[in-house]
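Report on the structure
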Amino acid sequence: MAPFISMGQSDAYFQQQVDYKIEVSLDDVSHILNGRIEIDYKNNSTHSLNVIYMHLWPNAYKDNSTALVTQMLNNGDSKLFFAKEIERGFIDSLAFTVDGKSAALAYDLQNIDIGILTLPSKLAPGQTIKIASPFRVKIPASRFSRLGHNGQSYMITQWYPKPAVFDTDGWHSMPYLDQGEFYSEFGKFDVSITLPSNYVIAATGDLIENLFETNFKEEIIRKTTARETFDTDMSYPASSKQTKTVQFTQSNVHDFAWFADKRFHILKGEATLSESGKKVATFVYFLNKGSEYWSKSIEYMNDAVTYYSKWIGDYPYAHASAVQGEISAGGGMEYPNITVIGPMSSDYALETVLVHEVGHNWFYGILGSNERNHPWLDEGINSFYENRYMYSKYPDGKQAIEGLLGIAGPLGLRDLKHKDIADLAYLLSARTGKDQPIEEKSNLLSQINYGTITYSKTALVFDYLKSYLGDEVFDKCMQSYFTQWQYKHPSPHSLQTVFTECCNKDLSWFFNDLVNSTQRIDYKLKRVQNDESGKLLVTIKNKSKVESPFTLSGLNGNGSWVSIWNEGFSGTKKIYLTEGTYDYLMIDREKVMPEINRQNNFYRTTGILNKVEPLQIRIMGSVENPSKSQLFWFPLLGWNGNDRFMPGVALYNSLVPQKKFRYILAPMYGTLSNKPVGMGSVEYTVFSNSNSVRTVTPGVTFNSFTYQSQPFDLVYQKIMPRVKIDFRPENAQKPVRTSLTLRSVILDKEVAEYDRESKKFVKVTQQTITNIAQYSYGKSVRFNPYKISAKIEQGDKYAKASIESEFTMSFKNKVHGFDIRFFGGLFVWDDNAGPYRWRMSGWDGAADYLFDHVYLDRNATNGLGAQQFVQAEGGFKVPTFVGQADKWIAALNLKLSLPGPLPIRLYADVGTYNGAKDAFPGSQAVMYDAGVMLSSIHNVLELYVPIFRSSDIRDVHELNNIPFADLVRFQIRIEEMNPFKLLSTITR
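Below: a short report on this structure. As the structure is a prediction and not an experimental result, all values here were calculated from the model. (Residues numbered from 1 in each chain as written. Predicted model: local features only at pLDDT ≥ 70, side-chain atom pairs only at ≥ 80, totals over all residues. Heavy atoms only, no water.)

Quick notes on the environment of Y107
To keep it simple, the criterion reads: We count a stretch as a helix when DSSP gives it H or I for four or more residues in a row; a strand needs E for two or more, and each element gets its number in order from the N terminus. Between buried and exposed lies partly exposed: a residue is buried under 20% and exposed over 50% of the maximum accessible area for its type, with that area taken using a 1.4 Å probe on protein chains only.
Inspection of the secondary structure puts Y107 in strand β7 (residues 104-107). Note on Y107: relative accessible area 39%, which makes it partly exposed. Note: C-alpha distance between Y107 and E209 (102 residues apart in sequence) is 39 Å.

What follows is the structure in structure tokens.
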């Protein structure tokens, strides 16, 4: 994307100086900015420059070719892709000059929001040039990302032509992205904004006071301060016909944002910095809606500025501001001196987001790291200080519960503190093997890992480092980092160098293993014994490859804890605890390590089962509590046509986060069959450090139900050992999933056979063993999802292979649009394949020979139960009674959404198979059906009404006198193969 300029390792650090003078006016009818920009660009490098890369980020909203649109689609968001033209945005009217001479602007071939400005002559080291241009910005709707307007409320961010950073690594030209923020040069801004005079403006920089604007703002502050309540009116007053020009200036910043709304209320405060006594003005700008939460926001602003200044270094600017706005990229977004906060639902939510965004003045604003390549240097470390703020201000942690939407009690969250939520978030990714290194580029992180790893895990590991070093040493190191690198571009190496030199310790375990890899910490308290002298000797095993320090704590007879730090090691090590008598020993009692498994961290020195914690039995479940052996339960009520109502209970050990070893047992009782029935599953996840394999999950599923009532109850029992291999995607941000599943279906099925001697039907148990290998590749997103599966299946009397592909061409504002499914199958060999033949019709219960699917009445021959089917093999919606193939089959299934709000779709199926012409009198080489589908929300229930049938299918229906009502079929979509996802759906 950018031309390569050789940068040797010996190149000394440098950064360019970029100063801006911008004059801009707002047209609030057309939502357009008209401006002129002058940039003084000083080349502080040792290289002569022929071009300067320019970020033209409003073009990210211009059309569907942009990196922003692609990223949003990958994250399941299609609103910008389907945006109306009036909602889009762009920047144009550019006519660059350099020192008064015309300069050509070209656009990057891949990104229209990156420009390449060719200089009229080379810019030599040490020289300064003046770049100038008019520009026009059409402001997009605010519902897409950060730049935008909602009516006449304006959020003007990433809005002007801006040189990319040129440093020792070369040019850093980057398209605008939602996920993955920015990297810009420091300099001075002088910005003048002209707009109707009754707009309230909040901006980066200090206001160059004029009498009108000063009086205007102070009057709003006076009125806001005097009010105790605010009404709910959110309408826009008419814009003044008079205009005003407001000027702001700021030095030592790398961006400029401003916000304008005629409805803003303003509160003003003042923060006094504890170390220097400096006073910082604080402002909040808010609207009627949400005003009940903003009434305390000046307190949050003052506390944030004070705490961060104390821990890191003084806030260097004159003011800090926060604005309530319509932001579509996260809960808030930071800019120098100012932050915009989206809609909030509680005091806790507002304080948390506001403190986090104000904190970005240090990590992003003053320490200007490359967020696109190293997002944790900004988002992660700032999240650590956000957690530290909440701990310091609310040491009992109760404040954290307000943000949990009322689910705190049922899920056992009442005792969680702010940092515990970050720990839970990290485990959600790590326990599934989907985590990525902290030091991963933002545009390569999956959407969930951008939160759980960049934010949460980084916050955890820095809390861990602080606990290990101690507050005093840690703060000294961070303050040294801040002092050395303020108004510069620090890298991870910069941070590591400062910390290593400052604390005089080997921190390779921290930066190499916790930051640069996905290695997971797991220490185990293996054994406790007394040595010959009577001292307590504790054997610790490191089950991971991370040689990180840890605490070992003991609860003595006085009821107090004794804790000691131990340096990390590999393998097994024996450690002496301080002399004394201990009833209980624990690794990492303070829970400062981001450990993958805390269940093996404790040991009781007396009693039996000294490695087993007390049993906790809880209805529904809760988050994991490592101090308890948890058993969850939930009442179940299933139903099928043969067992009828089936009361029972689900017993399971894992809810949130997912455990490596997990089980569910669901015993039930059939009220009609008077038989015990039910199901269960056991799984164990093995994490892989391979570049290609993410997880390997062996397991076994078992179930038993009555499946036929005539001439007497017949029961099946199914045991299915399996192993699933999930492969690691090349790019985690592209939601493509690849897996290989190997399973064996061991089926014991009672059948009724006629006994000639007794002249009665008797029960006989038949056993079949079927081996299946299935490879799946697909993209599970809202927009244009697809999936391809290849399967090989081998039983006692046959072997067959198949391929199935599904693709949805999504329509605007619809989950579905045009669905295409193809199925092709081939018998490798068969010996009287019988029930295993390919079927053109979707499967009813009798066709499901492996008992893989859920049916209300599995062997029903009439009534509602007989009309249920599963789209399998040929996938025809009507029962064909023909089309059974012992060699090959091919079918195409189509669905088309209709315009309008009703969930009505058209469907059509077409297929052929070997011997189609000879299968039945009147058979055709190609058969088809078509009709109308009606669906419920999320397509849980689909009803198919046939309209057309090929003549051979129709002839069979007429020959068998099948009424039209019986040709109407329905499908229930249930994830029956993984009982962990749906505990209560037991209807086999």
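Past the structure itself, the notes keep going.
A short note on the sheet that holds strand β10 (residues 148-150)
How we decide: One requirement defines pairing of two strands: DSSP has to find at least two bridges between them. Helix axes are fitted only over the stretch in contact, all axes being lines through C-alpha atoms; the angle between N-to-C directions runs from 0 to 180 degrees.
Pairing within the open sheet is antiparallel, and its four strands lie in the order β10-β11-β19-β16. Since the sheet does not close on itself, it has two edges, and those belong to β10 and β16 (200-203), each with one partner. Sheet twist, expressed as the mean angle between neighbouring strand axes with direction ignored, is 10 degrees. When β10 meets strand β11 (residues 153-156), the two strands line up antiparallel, connected through three bridges. When the sheet's bridge partners are listed, G148 is paired in β11 with M155.

With respect to the pattern of salt bridges
As a reminder, the rule being used: When a carboxyl oxygen of Asp or Glu is within 4 Å of a side-chain nitrogen of Lys or Arg, the pair counts as a salt bridge.
Going through the model one piece at a time under the given rule, you end up with 37 salt bridges. Residues R662 and E683 are paired through a salt bridge, measuring 3.0 Å at the closest nitrogen-oxygen approach. Pair noted here: R662 is in strand β35 (residues 661-670) and E683 is in strand β36 (residues 675-684), with a separation of 21 residues, a long-range link. We note that R662, like E683, is buried. Through salt bridges that share partners, E299, D303, E351 and K393 make up one connected network.

Structural notes on the sheet that holds strand β20 (residues 265-272)
We apply this condition: Residues count as neighbours in contact if any of their non-hydrogen atoms are within 4.5 Å of one another.
With respect to topology, five strands assemble into an open sheet ordered β20-β21-β22-β24-β23, the strand pairing being mixed. The sheet is open, and its two edges are formed by β20 and β23 (332-335), each paired on a single side. Sheet twist, expressed as the mean angle between neighbouring strand axes with direction ignored, is 15 degrees. Sheet topology note: the β23/strand β24 (residues 338-341) ladder contains four bridges and is antiparallel. Paired with M333 across the two strands is V340, which belongs to β24. Sheet strands touched by helix α2 (residues 211-226): β20 and β21 (279-286). Its angle to β20, the strand with the most contacts, is close to 90 degrees.

A word on the environment of Q447
The topology assignment puts Q447 in helix α8 (residues 447-469). The class for Q447 is partly exposed, based on a relative accessible area of 47%. Each C-alpha atom of the pair Q447 and K734 lies 9.3 Å from the other, and the pair is 287 residues apart in sequence.

Observations regarding the packing of helix α7 (residues 418-430) against α8
Condition: An angle below 35 degrees is read as roughly parallel, one above 145 as roughly antiparallel, one from 65 to 115 as roughly perpendicular, and any other as oblique. Crossings are classed by handedness, with left-handed meaning an anticlockwise turn of the near helix from the far one by less than a right angle and right-handed meaning a clockwise turn. Basically, the charged four are Asp, Glu, Lys and Arg, the nonpolar ten are Ala, Val, Leu, Ile, Met, Phe, Trp, Tyr, Cys and Pro, and anything else, Gly included, counts as polar.
The geometry of α7 relative to α8 is characterised by a closest axis approach of 8 Å and an angle of 130 degrees between their N-to-C directions. In terms of orientation, α7 and α8 fall into the oblique class. Crossing angle aside, the handedness with which α7 passes α8 is left-handed. Residues K419, A422, D423, A425, Y426 and S429 of α7 touch α8, and the partners they reach there are I448, N449, T452, I453, S456, K457, L460 and D463. Looking at the contact of α7 with α8, its residues break down into six nonpolar, four polar and four charged.

Overview of the side chain of H957
We apply this condition: By the criterion applied in these results, polar contacts are pairs of N or O atoms within 3.5 Å in which, for protein atoms, one can donate a hydrogen and the other can accept it, and in which residues neighboring in sequence qualify only through two side-chain atoms.
The residue H957 is located in helix α12 (residues 951-959) in this model. Residue H957 is classed as buried on the basis of its relative accessible area, which comes to 1%. Polar contacts involving the side chain of H957 include one to the main-chain carbonyl oxygen of P879, which spans 2.5 Å. Only 2.9 Å separates the side chain of H957 from the side chain of R949, close enough to count as a polar contact. Each residue touching H957, except ones within four places of it in the same chain, is listed here: V878, P879, F881, R949, I962 and L967.

A look at unusual backbone geometry
Of note, the bond from V656 into P657 is cis; its omega dihedral lies within 30 degrees of zero at -10 degrees. In this chain, Q710 is followed by P711 through a cis amide linkage whose omega measures 0 degrees. Secondary-structure assignment places P711 in the loop between β38 (693-708) and β39 (714-727). A positive phi angle, near 55 degrees, is found at N961, a position not held by glycine. Secondary-structure assignment places N961 in the loop between α12 and α13 (964-967).

Here we look at the pairing of strand β40 (residues 736-755)
Where β39 lies against β40, ten bridges are found, and the strand directions are antiparallel. If you follow K724 over to β40, its bridge partner there is T741. Connecting β40 to the antiparallel partner strand β41 (residues 760-779) that follows it, the hairpin turn spans four residues, and K759 within it adopts a positive phi of roughly 55 degrees.

Examining a nonpolar patch on the surface
Condition: Residues enter patches when they are more than 30% accessible in relative terms and free of salt bridges; like-charged ones are connected within 9 Å and nonpolar ones (Val, Leu, Ile, Met, Phe, Trp, Tyr) within 5 Å. Working definition of accessibility: Shrake-Rupley area with a 1.4 Å probe, residue cover restricted to the visible protein chains.
Nonpolar side chains collect at one region of the surface, where L615, I617, I619, M620, W633 and F634 lie side by side and expose about 550 Å² of accessible area between them. If you list the elements that add at least two residues to the nonpolar patch, you get β32 (615-619) and β33 (629-640). Tallying contributions element by element places β32 first for the nonpolar patch, with three residues. Examined against the element boundaries, M620 turns out to sit in the loop between β32 and β33.

Focus on the packing of aromatic side chains
Rules: Each Phe, Tyr or Trp ring, with Trp reduced to its six-membered ring, pairs with another whose centre is within 6.5 Å; inter-plane angles below 30 degrees give stacked pairs, above 60 give edge-to-face pairs, and intermediate values give tilted ones.
Under the defined criterion, the tally for this structure stands at 66 aromatic pairs. A centroid spacing of 5.7 Å and a plane angle of 75 degrees characterise the contact between Y450 and Y455, whose relative ring orientation is edge-to-face. Residue Y450 is classed as buried on the basis of its relative accessible area, which comes to 9%. On the numbers, 4.3 Å between centres and 20 degrees between planes, the contact of Y798 with Y836 is stacked. With Y798 in strand β43 (residues 798-809) and Y836 in the loop between β44 (818-830) and β45 (888-897), this residue pair connects regions lying 38 residues apart in the sequence. Residue classification places Y798 among the buried positions, given a relative accessible area of 1%. The class of Y836 is buried, set by a relative accessible area of 16%.

None of this, on its own, says anything about what the molecule does.
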